[in-house]
Amino acid sequence: MLRELPKAYEPGTIERKWAEYWVKERLFEVPTPANKPEHAFTLLLPPPNVTGNLHMGHMLNHTEMDIIVRWHRMLGEATIWVPGTDHAGIATQMMVERQLAAEKKNRRDMGREAFIERVWQWRELYGGNILEQMKRLGDSVDWSREYFTMDERLSGAVREVFVRLHEEGLIYRGKYIVNWCPGCMTAISDLEVKHEEITAKLYEIRYPVVGSREFVTIATTRPETMLGDVAVAVNAKDERYTHLHGKKLLLPLAPDARTDMNGKQVGREIPIIVDELANPEFGTGAVKVTPAHDPNDFQAGLRNNLPQVNVMDETAKMNSNAGAYAGLDRFAARARVLEDLEKQGFLVSIKDHGMALGKCDRSKDVVEPRLSTQWFVAVNKKVPEAGNVSLSDVAKQAVQGANPAIRFTPENHKTIYLNWMENLYDWCISRQLWWGHRIPAWYCGNEKCVHSRDYPGGEPIVARSAPAKCPDCGSATLEQESDVLDTWFSSALLPFTVWGWPSKDERTQKELAYFYPTSLLITGQDILFFWVARMIMMGSWFMRKEPWSGALPIGRGSTNDPPILAPGAKRPLQMAVPFREVYIHALVRDAERQKMSKTKGNVLDPIEVIEKYGTDATRFTLAAMASPGTDIAFNEARTEGYRAFANKIWNAARFVLMNVDRAREAGWWSQEEWLRVGDSTKTTLEDRWILSRWWRVVGELNSALSEYRFHEAAQVIYDFFWKDFCDWYIELIKPRLNSENVAAQKLALFTVMGVLEGSLRLLHPIMPFITEEIFEAVYDGKPPKKSIALVEFPKSDEKQLDPEAEREMALLQELIVAVRNIRAELKVEPKQSLPIKLYSANGARSSIERNRVMLEKLANVSEVSFTPQSLSNEPGSRTTAQFEVAVIYERKVDVGAERERLQKELGKMEAELAGKEKQLANQAFIGKAPADVVEGMRKRAAELEVLIHKSRQALKELQ
Ligand SMILES: [Zn+2]
Ligand SMILES: [Zn+2]
């Protein structure tokens, strides 16, 4: 007895077993090769947050990556998929802070060191859940290379990059308006701000002109920020205000003295300035200028050399510059300010005002533009030593030209990317968090030293490791910068740091030579700017300059790479970029095409779907729906369908293996012989046809996968296996399998085994588990490799196609289907065989005659006769380009019985129609029922009317 496949396909058991086996056997680990592999394929997993859990978007992303990775591995390339997790600064810190809050503790009381200790403990306990989930998906990653972005090795690389960029003058510290989240108490990037369309209030407030009875009216949605006003701007062309140029206004409600960011005192009298900030067409044409609380005002302040008065602290409470309002939360302050303005007669009007309110994507707090000191990467600064180009220049070059270093699929993302690069501002990389890579900069404790925090225009000491004393004054009192780096700063480096950069050891040198650039990045559009763009900037910048002193050739040898470079050569841009291709996948939406969101309650948990239908069916669903550039409306009904497909595969395999068992019992089974089934054995039409079809599918699959057309790959293999292999081929060989002729049996069984085995290879990248299980059974528990994942994926071979067999088979299939349809129309008993008449004007006759048995078996034909004249006038005949066919059938109708049947049918339909009409007349029902349900009912009612009419006709004819 062969290793038997259980009767029922149970994905749960199979999948758990193989997932464990793959990890335990370390099947996907690739140690550093001694020599350059002929072909290498490398891919970096977009590192999920260590706090994360698998969602449907990941599931799609991972499915696509695993399909591509398994395919390349089976093509015989040195394939490495590097997994890891991201420390996720804000998310992780918030998670632990929430835990602390539940224990009535907070991080400030704990202190920085103890807090970070606590985060590491948290990670030990809860982090990495997503890695376990990845194993369930079957992700064939190299676990020996797993990293965590806060690992000491990767942290060292982060410091190295920071110091080098600082040395090149590309990192600086500056005052800047940032998006400040008072909840997270840190600066957040533009990308982390989500805008909500709301109807806000626009308040008009008048400021008295000093020494006059006049007023100037300004408008604002945030009246509390007026306490930070330092000027009012009017436009040079606006004649309404010409007479006020150079005059001053008295700022209502403000204290007599406010302190600006540089320690200067600012009074309540503020100048009227002429600046382009004011638009004569908009509002009153006069605008308040609050440089510390608005990005445009900040720029205007710089242009006009205005002081910067900050009126809030980091929690968005008003500070002492707000005078009487100090200590109030910004929204409480707003209410009080309005009340007082009203009382004192300064409030002119309140209007509704539509605006986009910026909120923190994580904590949902309203973002406050706030002036603070931050660290920046100067992305547009040209560096003479680097060939007078900037980071953004290099990042643009990487995707430009006829043969770009990086290719995007779908291609439109290249334009989106370039647009963003064109309008790039300096990148604010500091975050006021504790969890993350602490900025390697130290302030000197000596107040008079240039490296002191307070020294005007002074700079901290930037170093790879903590300096023992100040290089300038020798003071040993040094304090490290408290800010950490933006999480995306470290993840931008991963494509080169995962291989060991900046180490000079042999292993790193080899891996960078053989495996960098990575071949492909598969990711979602949501992180195109956050991550993809930054990886391109950093990778291209650093690897382009990486001196190449090793004795190793560079290059991966894939078809679209430049020729392999000699030792000592400098990396051209194609070899410096972090990846050669980027595939941007779509969003997974719910079945109604709605975005999945917690508030809508339509979030699907992929683990639940997997538990219901199995991982293979879930993977197949996502692949089948993943056409490039189109969002996926995930519908469980589809997964149910692919679960049925898995069942079909299972049952087909069981059928074949049962026949192997029979052959073994009969004593003629030979494992070696079926493996060698070759051209010489392809004698019957169906064998020639199925093998040709299989080779055609090989070509189509390889081409679909090479262009990330996952939906086509899935469709092609689905159609082949279900229709060609199961519905036709297996049916066609049954007579031979059941015959007494051992030679015929052998040929059929060996061929069907060969095609089954080959199809498992083709299915494997999409459905790894079921194919592994059946593959093992096919080889009686002794497969040629430790896993089907390690055997060869067939390469396209035109020579194997047999167009003649495909043409002939297509003709027969068409004929069989035509006869089946005629029989169905005539309502012939399934068991009754009938003779057919055929007319064929061309060469179809000989094919049909040769394959009469096929026709008899699959179309239940008892006899075939050819007629010399056309059958197209015969009732119920079918006409095609190649033949005309009619079924010879004298229907003996029992009029009484037929009348009875028709009456019964008619009665049923009339009752159904009455029911439908009643519901459709019910307004309450129509109002509540979904539109598609109502639409469906209307259609059915119309259909019933037609059918009823036909039945009545037929009844009349029977009289
Ligand atoms: Zn926040
Ligand atoms: Zn010093």
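In what follows, the structure referred to is the one given above.
Values in this document were obtained by computation on a predicted structure and should not be read as measured data.

**Examining the coordination of the zinc ion (ligand 2)**
Step number 1: Only Cys444 (SG), Cys449 (SG), Cys470 (SG) and Cys473 (SG) from the protein reach the zinc ion (ligand 2) as donors, at distances of 2.2 to 2.4 Å.
Step number 2: In this structure, the zinc ion (ligand 2) is coordinated by 4 donor atoms arranged in tetrahedral fashion, with angles at the metal of 95 to 117°.
Step number 3: Spacing between the donor residues of the zinc ion (ligand 2) along their common chain follows C-x4-C-x20-C-x2-C. This pair shows no difference in class: Cys444 is buried, exactly as Cys449 is.

**What to know about the packing of aromatic side chains**
Working definition: an aromatic ring pair is given by the centre-to-centre distance plus the angle between the planes.
Step number 1: Tallying each qualifying case throughout the model produces 39 aromatic pairs.
Step number 2: Connected via pairs of aromatic rings, a cluster forms that spans Phe620, Tyr642, Phe645, Tyr718, Phe721, Trp722, Phe725 and Tyr729.
Step number 3: Above the plane of the ring of Phe215 lies Arg206, whose end atom (NZ or CZ) is 4.2 Å from the centre.
Step number 4: Note that Arg370 overlies the ring of Trp180, its terminal NZ or CZ placed 4.5 Å from the centroid.

**Here's the deal with the coordination of the zinc ion (ligand 1)**
Step number 1: Surrounding the zinc ion (ligand 1) are the protein donor atoms Cys181 (SG), Cys184 (SG), Cys360 (SG) and Ser363 (OG), at 2.2 to 2.3 Å.
Step number 2: Around the zinc ion (ligand 1), the 4 donor atoms sit at angles spanning 95 to 121°, and that spread fits a shape best called tetrahedral.

**Focus on the pattern of salt bridges**
Step number 1: Taken as a whole and assessed by the stated rule, the structure comprises 61 salt bridges.
Step number 2: One salt bridge connects Arg464 with Glu160, and the closest N-O pair in it is separated by 2.7 Å. One end of the pair, Arg464, is in the loop between β21 (461-462) and β22 (478-480); the other, Glu160, is in helix α7 (residues 152-167), and 304 residues separate them in sequence.
Step number 3: The closest approach of N and O atoms between Asp727 and Lys648, which form a salt bridge, is 3.8 Å. With Asp727 in helix α22 (residues 710-737) and Lys648 in helix α19 (residues 636-666), the pair connects residues that are 79 residues apart, well separated along the chain.
Step number 4: With relative accessibility at 34%, the residue Asp727 sits in the partly exposed group.
Step number 5: Here the salt bridges share partners, and the residues they tie into one network are Asp142, Arg145, Arg507 and Glu511.

**Overview of the sheet that holds strand β9 (residues 231-234)**
Step number 1: Reading across the sheet, the 4 strands line up as β10-β13-β9-β14 and stay open at both edges, with mixed pairing between neighbours. Each end of this open sheet is capped by a strand with a single partner; those strands are β10 (248-250) and β14 (286-289). Within the sheet, the average angular offset between the axes of one strand and its neighbour, ignoring direction, is 30°.
Step number 2: As paired elements, β9 and strand β13 (residues 269-274) share 3 bridges and run parallel to each other. Residue Ala233 lies in a different strand from β13, and its bridge partner there is Ile273.

**Considerations on the pairing of strand β2 (residues 78-82)**
Step number 1: Of all 5 residues making up β2, 5 are buried, and the element is well covered by its neighbours.
Step number 2: When strand β1 (residues 40-44) meets β2, the two strands line up parallel, connected through 5 bridges. From the neighbouring strand, Ala40 faces β2, where its bridge partner is Ala78.
Step number 3: Following the chain from β1 across helix α2 (residues 56-74) to the adjacent parallel β2, one finds a crossover that is right-handed.

**Points about helix α27 (residues 852-859)**
Step number 1: Along α27, the residues classified as buried are Met854, Leu855, Leu858 and Ala859. All buried residues of α27 lie within an arc of 100° about the axis, which places them on one face of the element.
Step number 2: With its phi angle positive at about 55°, Asn860 sits one or two positions after the end of α27.

**Observations concerning the environment of Val660**
Step number 1: Counting through the fold element by element, Val660 comes out in helix α19.
Step number 2: Sequence-wise, Val660 and Leu944 are 284 residues apart; in three dimensions their C-alpha atoms are separated by 51 Å.

**Regarding the nonpolar core**
Step number 1: Residues Phe620 and Phe725 are the most contacted members of the largest nonpolar core, which totals 137 residues.
Step number 2: The element contributing the most residues to this core is α22, with 15 residues.
Step number 3: Two domains share this core, each providing at least three of its residues, namely domain 1 (37-162 + 488-588) and domain 4 (608-619 + 635-801).
Step number 4: The residues contacting Phe725, other than those within four sequence positions of it, are Ala652, Ile690, Phe720, Ile730, Val752, Val755 and Leu756.
Step number 5: The next biggest cluster of nonpolar side chains, apart from the first, holds 75 residues, and it includes Trp375, Phe408, Val498 and Leu528.

**What about the environment of Thr259?**
Step number 1: Mapped onto the elements, Thr259 comes out in strand β11 (residues 258-259).
Step number 2: Measuring from C-alpha to C-alpha, the distance between Thr259 and Gly699 comes to 73 Å, with 440 residues separating the pair along the chain.
Step number 3: Leaving out residues up to four positions away in the same chain, Thr259 has contacts with Lys264, Gln265, Val309 and Asn321.
Step number 4: At 3.4 Å, the side chain of Thr259 and the side chain of Gln265 are in polar contact.

Conventions and cut-offs
Residues numbered from 1 in each chain as written. Chains lettered and ligands numbered in written order. Predicted model: local features only at pLDDT ≥ 70, side-chain atom pairs only at ≥ 80, totals over all residues. Heavy atoms only, no water. Donors = N, O, S within 2.8 Å, 3.2 Å for Na, K, Ca; no water. Tetrahedral: all angles 85-135°; square planar, octahedral: opposite > 155°, others 65-115°. Buried < 20%, exposed > 50% of the residue type's maximum accessible area, 1.4 Å probe, protein only. Phe/Tyr/Trp six-rings, centres within 6.5 Å; stacked < 30°, edge-to-face > 60°. Lys NZ or Arg CZ within 6 Å of the ring centre and 35° of its normal. Salt bridge = Lys/Arg side-chain N within 4 Å of Asp/Glu carboxyl O. Helix = DSSP H or I, 4+ residues; strand = E, 2+ residues; numbered from the N terminus. Pairing = 2+ DSSP bridges. Axes fitted to C-alpha atoms, helices over the stretch in contact; angles between N-to-C directions. Right-handed = clockwise from strand over helix to strand, strands pointing away. Arc of directions from axis to C-beta. Core = buried A, V, L, I, M, F, W, Y, C linked by side-chain atoms within 4.5 Å. Domains from an automatic or database assignment. Contact = heavy atoms within 4.5 Å. Polar contact = N/O pair within 3.5 Å; in protein donor to acceptor, adjacent residues only side chain to side chain.

Worth remembering: the numbers are spatial, not functional.
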